[in-house]
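Report on the structure
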Amino acid sequence: MPWTDSQSWPSSLMGPTPLAIGVAILLVLSVPLFLHLVIYRSTSSTTLPSFLLVGPSGAGKTALLTLFERGQHVETRTSQVPISVEVSLPVSTNAASLKYRSVNDPSNQVHKKFLLADTPGHGKLRHYAFDGVIKPQNLKGIIFMVDAADISMGNSGNGNEALRQAAEYLHDILLLLQKRSTSSKTSKAPKELPILIAANKLDLFTALPAPLVRTALESEISNVRSSKTKGLLDSGIGMNDLDIGEEKEWLGDGGDGKFEFSQMDEVNVAVSVAGGNVLGADGQDVKQWWDWIASNLDILLNLV
């Protein structure tokens, strides 16, 4: 029977017949269900934004992790393996992607979730942190925690061993991020990756304030950079043998002079310093760290 015949099934589907009505109802009910199952599930399964927590042993990383996760301090031990937990931004703290929303918007009352990955600070276990920098999973920022009460300013020496270790670790992290930019095979610069230097234990009398922590680390990183450059020269590699334009085995501008965190802006790495304390006689003070996370958190796909 030709499809143009009034009794054919194509013609029946185009007319007000029980078959046509049944097919129309089926489509009306199934299409929204299909879109919900396919599109919504693919959106909700998007990897949560993450932040990498690094720093020397004893700086307070694991204590901060548990405080952010549970909302209260618990006894911790030195980490031997990386730990990743799901954390909710406080309802009172707005993420950067929501800053233009009305205060009455219901989404402002939703907990904004992200992953916080704590890494061991021991020198032999820092490869976990380096892997997190080299192979990031939706990484939004790096928190480098230091014990502000355990570092001091001045010339390098035994009395500044904590400062030396922190500066060497931070130097290597920044160098990896710099190579991420200089070794890019495309003309497009990598997306900006911010770093927060979290100066912990500011409640203690001996702690350096955040601006002095910044100055001390910049000065010591300058010394670390000079030592590493001297090591290359002592190994028999002359300055003419160094591929200055491509390898960038030193941090910042050139390899001489004073290092400053502002030099990292050229490779899309924004470094900031903020103080606080996980513990303290008057309780914790981590507001500036929460604010920094919120300012770098994009959670438009995670309002669930």
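See the structure shown above.
Residues numbered from 1 in each chain as written. Predicted model: local features only at pLDDT ≥ 70, side-chain atom pairs only at ≥ 80, totals over all residues. Heavy atoms only, no water.

1. So, the overall build of the chain
Across its full length, the chain holds 7 helices and 6 strands. Of the regular secondary structure in the chain, the N- to C-terminal order runs α-α-β-α-β-β-α-β-α-β-α-β-α. (Helix = DSSP H or I, 4+ residues; strand = E, 2+ residues; numbered from the N terminus.)

2. Topic: the sheet that holds strand β1 (residues 50-54)
One open sheet accounts for 6 strands, arranged β2-β3-β1-β4-β5-β6; its pairing is mixed. Whereas interior strands pair on both sides, the edge strands pair on one side only; in this sheet they are β2 (83-89) and β6 (271-275). Strand-to-strand twist of the sheet, defined as the mean angle between neighbouring strand axes without regard to direction, takes the value 25°. Across the sheet, helix α4 (residues 127-134) touches β1 and β4 (139-147), and the angle it forms with β1 is around 150°. Strands β1, β4, β5 (195-200) and β6 of the sheet are contacted by helix α5 (residues 161-182), whose axis makes an angle of about 165° with β4. (Pairing = 2+ DSSP bridges. Axes fitted to C-alpha atoms, helices over the stretch in contact; angles between N-to-C directions. Contact = heavy atoms within 4.5 Å.)

3. Some thoughts on the pattern of salt bridges
In total, this model carries 8 salt bridges according to the counting rule given. Residues Glu-218 and Arg-214 are paired through a salt bridge, measuring 3.6 Å at the closest nitrogen-oxygen approach. Highlighted residues: Glu-218 and Arg-214, both in helix α6 (residues 210-234), separated by 4 residues, approximately one helical turn. Assessed through its relative accessible area of 8%, Glu-218 is described here as buried. (Salt bridge = Lys/Arg side-chain N within 4 Å of Asp/Glu carboxyl O. Buried < 20%, exposed > 50% of the residue type's maximum accessible area, 1.4 Å probe, protein only.)

4. A closer look at the pairing of β5
The buried fraction of β5 is high, at 6 of 6 residues. Of the two faces of β5, the one lined by Ile-195, Ile-197 and Ala-199 and the one lined by Leu-196, Ala-198 and Asn-200 are each fully buried. Taken together, the 6 bridges between β4 and β5 define a ladder with parallel strand orientation. Across the sheet, residue Asp-147 finds its bridge partner in β5, namely Asn-200. As defined by bridge partners, β5 adjoins β6 across 5 bridges and the pair is classed as parallel. For Ile-197, the partnering residue across the bridge sits in β6 and is Val-273.

5. Quick notes on a negative patch on the surface
There is a patch of like negative charges on the surface, built from Glu-192, Asp-253, Asp-265 and Glu-266. Along the chain, Asp-253 falls in the loop between α6 and β6. (Patch = residues over 30% accessible without salt bridge, like charges linked within 9 Å, V, L, I, M, F, W, Y side chains within 5 Å. Areas by Shrake-Rupley, 256 points an atom, 1.4 Å probe, with all protein chains shown as cover. Lys, Arg positive; Asp, Glu negative; His and termini not counted. Charge placed at Lys NZ, Arg CZ, Asp CG, Glu CD.)

6. Considering the packing of α4 against α5
Working note: a packed helix pair is described by the angle between its axes plus the distance between those axes. In the contact formed by α4 and α5, the axes pass within 10 Å of each other and the chain directions differ by 25°. Considered as vectors, α4 and α5 are oriented roughly parallel to each other. As for the relative orientation of α4 and α5, their crossing is right-handed in sense. Side by side, α4 and α5 meet where Ala-129, Phe-130, Val-133 and Ile-134 of the first sit next to Tyr-169, Asp-172, Ile-173, Leu-176 and Leu-177 of the second. A breakdown of the residues in the contact of α4 with α5 according to their chemical character gives 8 nonpolar, no polar and 1 charged. (Parallel < 35°, antiparallel > 145°, perpendicular 65-115°, else oblique. Left-handed = near helix turned anticlockwise from the far one by under 90°. Nonpolar A, V, L, I, M, F, W, Y, C, P; charged D, E, K, R; others polar.)

7. Structural notes on the pairing of β1
Across the 5 residues that make up β1, a large majority, 5, are buried. The alternating pattern of β1 places Ser-50, Leu-52 and Val-54 and Phe-51 and Leu-53 on opposite faces, both of which are buried. Relative to strand β3 (residues 112-118), β1 runs parallel, the two being bridged by 4 bridges. Residue pairing across strands places Leu-52 opposite Ala-117, the latter belonging to β3. Of the strand pairs in this sheet, β1 and β4 are connected by 5 bridges, and their pairing is parallel. Each residue of the ladder has a partner; that of Phe-51, found in β4, is Gly-141.

Just distances and angles here, no functional claims.
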